[in-house]
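Each chain, written out:
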Amino acid sequence: MPYQSVSRLRHNYLQRDYLGNRSEFVDPIKSYHEDLNQWARTAKKRMHEHCQCLLKAAANPRLLAVAINKIGRYEMLGDIAELADPNWFPWDQLRNLQKEVLSGSFRRGKYRKAKIPKIGKEGFRTIEIPDDSSRILSRNLCTLLTPMLDPNFYDLSIGFRPSRSLAHGIAAAKLLVDQGKHHMVVCDVKDAFGSVPKARLLKILRSRLHQSPVIGLIEELLDRKRKRGIPQGLSLSPLCLNVYLDHYFDRWWNEQFPGTTLVRYADDIAVFADTKQDAVNAYGAICQRLQSAGLQVKESQHDAIYDLTSNDHVLWLGFNLKLNNSDLNAVLGHSAWDKLQASLLEIRARLKKNKLRLEHDVSQSGCQWLVQKSMAINEAAIPAVADQIRQLAAHVGLNMAPLTAEEAHEAWSRGQEFGKRAEKDVAEWMQSQEVAKVAT
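So, here's what we can say about the structure. For clarity, every value in this text was computed on a predicted model and none was experimentally measured.

1. Section: the overall build of the protein
No. 1: A count of helical and extended segments in the protein gives 19 helices and 9 strands.
No. 2: Taking 2.2 N^0.38 as the reference for a compact globule, 440 residues should give roughly 22 Å; the C-alpha atoms of the protein span a radius of gyration of 23 Å, in line with that estimate.
No. 3: For the protein, the C-alpha atoms occupy an extent of roughly 65 × 55 × 40 Å along the three principal directions.
No. 4: Looking at the protein as a whole, 49% of its 440 residues qualify as buried.
No. 5: Contacts in the protein between residues far apart in sequence, at least 24 positions, make up 70% of those at least 6 positions apart.

Printed below as a string of structure tokens:
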């Protein structure tokens, strides 16, 4: 679908909004999106010019202020956020950061390593917590690069992407099983973030970003010294992982194995096949392809292949999937509750460290969880589920009494509506893929 182009005069005004220092009444992000979609995308030459300005946008103090708000104004600014005007930011610090980035002298601070339990699984994962300046720059880069890179990703890559969620994964699974694909290959990429070959990743980014000067900043944030792996805990890293797997895996799979369907949520891979032999072949191809990309599959063939017609239960994305009278049912798995508990524990820790407002509404976390998991909850079970959420919150020392049965039902209803939209989205994506396959 061709993009509608704005005039050069309009383009110049939009650029001033997100590259300059105009009034706070102008939304720089809105102007950036309009300029990207209605100017840069309309011609390859314009996109190239746009990419040459990305470093300037990445360092712009007004955009960095937006990044602070996205991270959490109270978390980043502390008590002063309560006292200061909502439009106040540490402008002198942000301007100094801008100078460092544009001069090429910016160096990230030391990333603090922390081990956190793997939700629903044994063991721990190591995340790296960046310093404030790196965190702000990384968040701003995500805001700028996501609308550029994301539209070109494989449709059924659903993790860490706007307008995609777990609901899209479950909707895709149900639709594919309805089509007779009753065999699944479910596996994870072993230590995905820690294994990405950085030189290969940067080469892909240079190509997709037209050799933009911003690559130097990205390389600094991802740690110039390490040859392998990207910091898990940096907001830019999930986007980079999607870029890498889209290039080396998603596109390749869609071309080489049209008889199966891939659904990927970050490093969680699911392939739906017609027969067990197709699933066995798919598992072998996954292992071989990922190995050539410098990555490994965590599961053995025995643990990765499932036959839904043989009463197999498949644990995927926090849900237990099972075939029941030709319909695929999704039931809440233990990992879904583990994830909620982990989220509540994090809220408690942040409240103790004064990194959240004291009036933070804990019940909103319960409502958000219900929205995400509603496709696996029967309407009659909502009161019991809400009671279980309140008990879990009380167990970790939080008060979720405001989560009433009425609020829980409203959250569940929102989730149901979102699930219906997800089903429609997935159907459209699959139809477009079939059209593309016929065309080739």
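Continuing now.
2. Notes on the sheet that holds strand S3 (residues 183–188)
No. 1: The antiparallel open sheet is built from 4 strands, whose spatial order is S4-S5-S3-S6. Every other strand in the sheet has two partners, leaving strand S4 (261–265) and strand S6 (305–307) as the edge strands with one partner each. Strand-to-strand, the axes of this sheet are offset by a mean angle of 20 degrees, without reference to chain direction.
No. 2: Taken together, the 3 bridges between S3 and S6 define a ladder with antiparallel strand orientation. Looking at the pairing, Val185 lines up with Ile305 of S6.
No. 3: Helix H13 (residues 237–256) contacts S4 and strand S5 (268–273) of the sheet and is inclined by roughly 170 degrees relative to S4.

3. Digging into unusual backbone geometry
No. 1: We note that Ser163 has phi near 65 degrees; this positive angle belongs to a residue other than glycine.
No. 2: Of note, Ser163 is situated in the loop between helix H8 (132–149) and helix H9 (166–178).
No. 3: Unlike most non-glycine residues, Leu317 shows phi in positive territory, near 60 degrees.
No. 4: By secondary structure assignment, the location of Leu317 is in the loop between strand S7 (314–316) and strand S8 (319–324).
No. 5: Among the residues examined, Leu317 registers a relative accessible area of 13% and is labelled buried.

4. Digging into the sheet that holds S7
No. 1: Reading across the sheet, the 3 strands line up as S7-S8-S9 and stay open at both edges, with antiparallel pairing between neighbours. With one partner strand each, in any of the chains shown, S7 and strand S9 (327–332) form the two edges of the open sheet. Put simply, the sheet's adjacent strands are angled 35 degrees from each other on average, direction ignored.
No. 2: Where S7 and S8 come together, 3 bridges link them in antiparallel fashion. Looking across to S8, one finds that Leu315 is bridged to Asn320.

What counts, and at which threshold
Residues numbered from 1 in each chain as written. Predicted model: local features only at pLDDT ≥ 70, side-chain atom pairs only at ≥ 80, totals over all residues. Heavy atoms only, no water. Helix = DSSP H or I, 4+ residues; strand = E, 2+ residues; numbered from the N terminus. Rg over C-alpha atoms; globule rule 2.2 N^0.38 Å. Buried < 20%, exposed > 50% of the residue type's maximum accessible area, 1.4 Å probe, protein only. Contact = heavy atoms within 4.5 Å. Pairing = 2+ DSSP bridges. Axes fitted to C-alpha atoms, helices over the stretch in contact; angles between N-to-C directions.

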